[in-house]
Every structure is written in structure tokens, then in C-alpha cells.
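Each chain, letter by letter, is given below.
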Amino acid sequence: MPDIPAATPRARVRVPLRFGDGYSADAELVTFDGLADGREHLAVLLGDPAPGTPPLVRLHSECLTGDVFGSARCDCGPQLREAAERIAGRGGVLLYLRQEGRGIGLYNKLDAYALQDQGLDTYEANAALGLPEDARDYTAAAQMLAALGIAELDLLSNNPDKAAQLRSLGVTVRDRVPTGVFTTAHNVRYLRAKVLQTQHTLPLAELTAL
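These figures come from a predicted structure and were not determined experimentally. Residue positions are given per chain, counted from 1 along the sequence in the order it is written. Two thresholds apply to this predicted model, a pLDDT of at least 70 for residue-level local features and 80 or more for giving and counting side-chain atom pairs, whereas whole-chain, interface and lining totals are computed over all residues. Heavy atoms from the whole structure form the basis of all side-chain values; hydrogens and water molecules are not counted.

Caption draft 1: Fine view of the overall build of the protein. In terms of regular secondary structure, the protein is built from eight helices and seven strands. Expressed as a percentage of its 210 residues, the buried residues of the protein come to 47%. Contacts are assigned to residue pairs that have any heavy atoms within 4.5 Å of one another. For the protein, the proportion of contacts with a sequence separation of at least 24, taken over those separated by at least 6, is 62%. Per-residue and other accessible areas were derived by the Shrake-Rupley procedure at a 1.4 Å probe size, with only the shown protein chains allowed to occlude residues. Surface summary for the protein: the accessible area is close to 10000 Å², and the carbon and sulfur share equals 52%. Going along the chain from the N terminus, every DSSP run of H or I of four or more residues is numbered as a helix, and every run of E of two or more is numbered as a strand. In this scheme, a residue with accessible area under 20% of its type's maximum is buried, one over 50% is exposed, and one in between is partly exposed, where area comes from a 1.4 Å probe on protein chains only.

Caption draft 2: Examining the environment of valine 177 more closely. The topology assignment puts valine 177 in strand E7 (residues 172–177). Residue classification places valine 177 among the buried positions, given a relative accessible area of 17%. Linking valine 177 and leucine 155, residues 22 residues apart in sequence, is a C-alpha distance of 5.8 Å.

Caption draft 3: Focus on the nonpolar core. Throughout this description, the term nonpolar core refers to a set of buried Ala, Val, Leu, Ile, Met, Phe, Trp, Tyr and Cys residues connected via side-chain atoms within 4.5 Å. In terms of nonpolar packing, the biggest core is built from 26 residues, with Ala43, Leu59 and Leu95 touching the most fellow members. Those elements giving two or more residues to this core turn out to be strand E2 (24–33), strand E3 (42–46), strand E4 (56–61), strand E5 (92–97), helix H6 (139–147), strand E6 (152–156) and helix H7 (160–168). At five residues, H6 tops the list of elements feeding residues into this core. Beyond its immediate chain neighbours, meaning those up to four positions away, alanine 43 contacts Glu28, Leu29, Val30, Phe32, Val93, Leu94, Leu95, Met144 and Leu148.

Caption draft 4: Region of interest: the packing of aromatic side chains. Stacked, tilted and edge-to-face pairs are distinguished by plane angle, under 30 degrees for stacked and over 60 for edge-to-face with tilted covering the rest, among Phe, Tyr and Trp rings (Trp via its six-membered ring) whose centres lie within 6.5 Å. Here the structure, examined in full by the defined rule, presents one aromatic pair. Positioned over the ring face of phenylalanine 19 is arginine 81, at 5.9 Å from the centre of the ring. Think of it as a cone above the ring: NZ of Lys or CZ of Arg counts as a charge over the ring if it is within 6 Å of the ring centre and within 35 degrees of the ring normal.

Caption draft 5: Structural view of H6. For H6, the buried fraction is high: seven of the nine residues fall into the buried class. Just downstream of H6 lies glycine 149, where phi reads positive at about 80°.

Caption draft 6: Summary view of the sheet that holds E3. Spatially, E1-E2-E3-E5-E4-E6-E7 is the arrangement adopted by the seven strands of the open sheet, whose pairing is mixed. Each edge of the open sheet is held by one strand with a lone partner, namely strand E1 (8–18) and E7. For this sheet, the mean angle separating the axes of adjacent strands, direction not counted, is 30°. Pairs of strands are assigned from DSSP output, requiring at least two bridges between the strands. By the bridge criterion, five bridges tie E3 to E5 in an arrangement that is antiparallel. In the strand pairing of E5, leucine 46 is matched with glycine 92. The strands touched by H6 within the sheet are E1, E2, E3, E4, E5 and E6, with E5 carrying the most contacts at an inclination of about 145°. Axes here mean lines fitted to C-alpha atoms, for a helix over just the part in contact, with angles spanning 0 to 180 degrees between N-to-C directions. Packed on one face of the sheet, H7 meets E4, E6 and E7 and runs near 170° to E7.

Caption draft 7: The arrangement of the environment of isoleucine 87 in detail. Structurally, the position occupied by isoleucine 87 is in helix H2 (residues 76–90). Between the alpha carbons of isoleucine 87 and leucine 56 there is a distance of 5.8 Å; along the sequence they are 31 residues apart. Apart from residues lying up to four places away in sequence, isoleucine 87 is in contact with Leu46, Leu56, Arg58, Gly92, Val93 and Leu94.

Shown next as C-alpha cells:
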């Protein structure tokens, strides 16, 4: 296991969650001290896993446009909503990670959107801006899981890199559970690019222009 510094929980607070479609869940939000990247990441604890069952965990990267404003250019908002219900039903944790735009930040993400409007895909747009295709590092996520006493989990994700990084950081990922497919007329090229460029587990045949 890599030698990474330990993080510790700094505060816990109960927060009732309510989504725009009326779904609600009781959550415990946990903040941390000592995270490697110094960012204000958040753990959202939902439900209680059955004895002997690993928790269901999602690493959700912050997306202001999708999570807050309901942008149809990505699938982030629907994935967040889905994750809350699936994790609450089984028991586990949603790690809300402050990694806007796959780690490049909000302004750069919007600059990349402008290039996508000119025909580039999401990864080509990042490259055209001199930025990495995906700048996310999940060391802080591994620290958060360790601080919560989670060493083994099932990962709710279509992204193989998340599972690979967690495993390299000493976390046992028993299974990777795919999310739903949330296609709109505005995000289908984005979703196809994720399949073709970074091998996300989405049904490519369904990702045709709407």
C-alpha cells in the first residue's frame, strides 16, 4: 500500500437531502482534516450496509453546471441523483470531490465547452487548451475512505480509472457497478467520447445522435 498521510474526520452533521424530483434521504455529512490536496471534499453517508456487505461508494466529481443548474451537456446531475438513492438503499458513501471539469476547474471547463461547440470532443478540447484530458487524482478519496474505516467497497462508477486508482492506493474494490445511462440531445457526443477515449462502461450502440 502506498505511504500516504492519514486524514481524520473533523466534523459530522446530519442533513436531510431533497432533490428536485421530490426524492429525499437523510444523510450524515463528514468533513476532514489532512487531505493531501488541501481541498474541501465531503463524504455523504447514506443508509447502513448489511452485516458482511461492503458499502456502495461513489466518487462524484463536483459539477456546478450539472449538479446545481441541471445542464444537459453532461450526465453529472442525473448520476448524482441516482447515486444518492442507490447508496441510501444499500448503505454506503458518496464522496463529493471538488474536482470541477475533471480537475481543470470551472473557467477552463467552460472554455472547453466553447471549443466543443466548434466541433472538438471533450478530451480534444482540453488538449487544445494545453490541459490534461483528466487531471483527477483520488489520493484524497482514499484518505477519506480510510478515515471512515472503509477498506473494501463496491464502486458505483462507469469509469475504470477510478477503480484502478483506488486499488493502487490500497483500497479493495470488490466490484465496479455501472450507473444508469442518462442521454440527452446535448450530451450524446460527450458520452460517446468517454466510451471511445477512456473506456467508460456505457452501451456505445445506444449513444447515437438524438
